[in-house]
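# Coordinates in review
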Amino acid sequence: MDGALQPRAGRHYPRSIGEFQSWFATDADCLDYLDWLRWPEGFVCPRCGHAGGWAVADGRYKCAACGGRTSVTAGTLFDRRRSPLTVWFTACWMFAAQKDGISAQSLQRSLEIGSYPTAWAMLHRLRSVLVGPGRERLSGTVEVDETYIGGEEPGLRGGLAKGKKALVGVAVEVREPRGYGRCRMAILRDGSAASLHPFVSSHVEPGARVVTDGWTGYHGINELGYTHEPRSQRAARARRDDPGELLPGVHRVASLAKRWLLGTHQGSVEEAHLQSYLDKFVFRFNRRRSRNRGMVFYRVLELAVAHDPVRYRDLVVDPQAKQAPPAPPGRRGHPPTMDRPRAGRPWRTT
Ligand SMILES: [Zn+2]
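Because the structure is predicted, anything quoted here is derived from the model rather than measured.

### Considering the coordination of the zinc ion
- Looking at the metal site, the zinc ion is ligated by Cys45 (SG), Cys48 (SG), Cys63 (SG) and Cys66 (SG), spaced 2.3 to 2.4 Å from it.
- Geometry at the zinc ion is tetrahedral, judged from the four donor atoms that bind it and their angles of 104 to 118° at the metal.
- Mapped onto the sequence, the donors of the zinc ion take the spacing C-x2-C-x14-C-x2-C.
- For Cys48, a relative accessible area of 42% corresponds to the partly exposed category.

### With respect to the sheet that holds strand E8 (residues 227-231)
- Sheet architecture is open: five strands sit in the order E6-E5-E4-E7-E8, paired in mixed fashion. Edge positions in the sheet fall to strand E6 (180-187) and E8, since each has one partner strand and no second. Recorded for the sheet is a direction-independent mean angle of 25° between the axes of neighbouring strands.
- Across five bridges, the pairing between strand E7 (residues 209-213) and E8 is parallel. Across the sheet, the residue bridging to Thr212 is Pro230, located in E8.
- Packing of helix H6 (residues 193-203) onto the sheet brings it into contact with strand E4 (141-149), strand E5 (166-174), E6 and E7, and relative to E6 it is tilted by some 140°.
- Packing against the sheet, helix H9 (residues 271-286) makes contact with E4, E5 and E6, and its axis sits at approximately 175° to E6.

### What about the nonpolar core?
- With 49 residues, the main nonpolar core has Tyr33, Phe89, Leu107, Phe297, Val300 and Leu301 as its most contacted residues.
- At the level of secondary structure, the elements contributing two or more residues to this core comprise helix H1 (17-23), helix H2 (27-38), strand E2 (61-63), helix H3 (85-97), helix H4 (104-111), helix H5 (116-128) and helix H10 (293-305).
- With 23 residues, the next largest nonpolar core counts Ile149, Val211, Leu261 and Val282 among its residues.

### Re a positive patch on the surface
- Judged by side-chain charge, Arg252, Arg259, Arg288 and Arg289 come together as a positively charged surface patch.
- Structurally, Arg289 can be placed in the loop between H9 and H10.
- Relative accessible area serves as the criterion here: at 57%, Arg289 is assigned to the exposed category.

### Looking at the packing of H4 against H5
- The contact between H4 and H5 brings their axes to 8 Å, and the two run at 115°. If you check the angle between H4 and H5, you find them roughly perpendicular. Read as a crossing pair, H4 and H5 show a hand that is right-handed. Listed contacts from H5 to Ala104, Gln105, Leu107 and Gln108 of H4 are Tyr116, Ala119, Trp120, Met122 and Leu123.
- Taken together, the residues that form the contact of H4 with H5 break down as seven nonpolar, two polar and no charged.

### Concerning the confidence of the model for the chain
- Mean pLDDT over the chain stands at 78; residues scoring 70 or higher make up 76%.
- Taken together, the stretch residues 153-162 has pLDDT below 50 and engages in twelve contacts with residues farther than four places along the chain or on a different chain.
- Scored below 50 in pLDDT, residues 315-350 shows 64 contacts in the model against residues more than four places distant or in partner chains.

### Focus on H3
- The first and last C-alpha atoms of H3 sit 18 Å apart over 13 residues, in line with the 18 Å expected at 1.5 Å per residue.
- By the criterion of burial, H3 is predominantly enclosed, with twelve of the 13 residues buried.
- All of the buried residues along H3 are Leu85, Thr86, Val87, Trp88, Phe89, Thr90, Ala91, Cys92, Trp93, Met94, Phe95 and Ala96.
- In this fold, the buried residues of H3 make contact with H1, H2, H4, H5, H9 and H10.

### Details of the sheet that holds strand E1 (residues 53-55)
- Spatially, three strands are ordered E1-E2-E3 in an open sheet, and the strand pairing comes out antiparallel. Because the sheet does not close on itself, it has two edges, and the strands there are E1 and strand E3 (69-70).
- In this structure, E2 lies alongside E3, joined through two bridges in antiparallel fashion. Residue pairing across strands places Lys62 opposite Arg69, the latter belonging to E3.

### Some points on unusual backbone geometry
- Of note, the amide linkage connecting Glu176 to Pro177 takes the cis form, showing an omega dihedral of 0°.
- Note that Pro177 resides in the loop between E5 and E6.
- The phi dihedral of Glu112 falls on the positive side, at around 50°, and the residue is not glycine.
- Among the secondary structure elements, Glu112 is positioned in the loop between H4 and H5.

### Re the pairing of E4
- Burial within E4 is extensive, with seven of its nine residues counted as buried.
- Note: E4 against E5, nine bridges, orientation antiparallel. The residue of E5 that forms the bridge with Tyr148 is Leu167.
- Pairing analysis gives three bridges linking E4 to E7, with the strands arranged parallel. The residue of E7 that forms the bridge with Thr141 is Arg209.

Scoring rules and cut-offs
Residues numbered from 1 in each chain as written. Predicted model: local features only at pLDDT ≥ 70, side-chain atom pairs only at ≥ 80, totals over all residues. Heavy atoms only, no water. Donors = N, O, S within 2.8 Å, 3.2 Å for Na, K, Ca; no water. Tetrahedral: all angles 85-135°; square planar, octahedral: opposite > 155°, others 65-115°. Buried < 20%, exposed > 50% of the residue type's maximum accessible area, 1.4 Å probe, protein only. Pairing = 2+ DSSP bridges. Helix = DSSP H or I, 4+ residues; strand = E, 2+ residues; numbered from the N terminus. Axes fitted to C-alpha atoms, helices over the stretch in contact; angles between N-to-C directions. Contact = heavy atoms within 4.5 Å. Core = buried A, V, L, I, M, F, W, Y, C linked by side-chain atoms within 4.5 Å. Patch = residues over 30% accessible without salt bridge, like charges linked within 9 Å, V, L, I, M, F, W, Y side chains within 5 Å. Areas by Shrake-Rupley, 256 points an atom, 1.4 Å probe, with all protein chains shown as cover. Salt bridge = Lys/Arg side-chain N within 4 Å of Asp/Glu carboxyl O. Lys, Arg positive; Asp, Glu negative; His and termini not counted. Charge placed at Lys NZ, Arg CZ, Asp CG, Glu CD. Parallel < 35°, antiparallel > 145°, perpendicular 65-115°, else oblique. Left-handed = near helix turned anticlockwise from the far one by under 90°. Nonpolar A, V, L, I, M, F, W, Y, C, P; charged D, E, K, R; others polar. pLDDT = per-residue confidence, 0-100. Expected span 1.5 Å × (residues − 1).

In structure tokens:
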């Protein structure tokens with residue numbers, strides 16, 4: 001992947017729904033775009049690493065060195081998909097364009113996807129790409145704390161949501177003079193040093209200043225290469241600061257995440273899927289200033305072509321619970337593949 005590329009609106013990704021529809025009218029258009037995203041400098045054989053080959057009649061590439069044949073989608077998120085790529089692209093566009101996230105039910109309705117499990121698996125696949133292995137750790141001044149998320153929320157739909165709350169580690173960069181940078185969230189086994197120290201070291205760059213409360217689980221993190229700044233409630237009271245505002249950054253992120261889960265998923269998140277919802281929230285939070293949703297669409301697809309495929313059976317932890325949507329889907333609109341203008345491929349014209 002070409003890290004130096006600065007993608008431009010209208011050239012590398014669509015600026016609007018109209019542009020999106022004209023660019024991706026057919027599966028061939030989508031394949032062409034994925035081809036460009038995956039191999040911006042031309043085909044590179046994933047088997048032997050040789051750069052160079054040619055397109056063969058079945059639509060795949062043949063490597064000039066080893067002779068192996070590779071399709072554009074092989075080994076990516078779109079490998080062995082059942083739905084057409086146009087449907088996948090539209091799902092991805094909706095996924096990126098909806099400000100508050102999207103539920104499987106509304107995806108099923110909008111795309112007229114036959115079954116709820118298909119829509120649900122699509123969304124989970126898209127979410128699964130959001131955790132890239134090479135993510136940079138947080139740096140500068142970072143607040144770290146834990147909070148309980150998920151399970152039963154008091155007063156919510158008669159408390160019908162199943163499961164218990166999960167302990168979640170939250171880390172957020174604090175900017176000077178004010179404001180916040182990126183955040184990270186991960187489920188913790190417990191609040192012990194054995195859980196908290198690995199959380200800090202896998203999400204915060206050594207050398208950072210780490211601000212926590214006085215909890216003993218954070219003792220000793222200065223030995224991991226951080227400048228540890230524990231803040232005690234007692235000291236806050238002595239300074240006449242509000243002890244509840246000891247770590248305002250993590251509390252802001254945690255409350256936004258909880259509100260987002262309630263709004264998008266009615267708070268009923270199975271613990272087995274909580275981490276992927278947290279990843280989705282973190283992805284959105286960290287891109288909250290990127291106004292162009294086309295850019296988010298581009299980044300998701302860019303990650304998707306570099307991503308191993310995820311199978312439906314890998315996602316289904318409790319298949320029984322996912323066989324039916326919360327309410328019967330309505331029928332409205334028509335498939336987004338209709339009425340699209342045919343157009344050229346503007347990202348090729350340079
Ligand atoms: Zn090869």
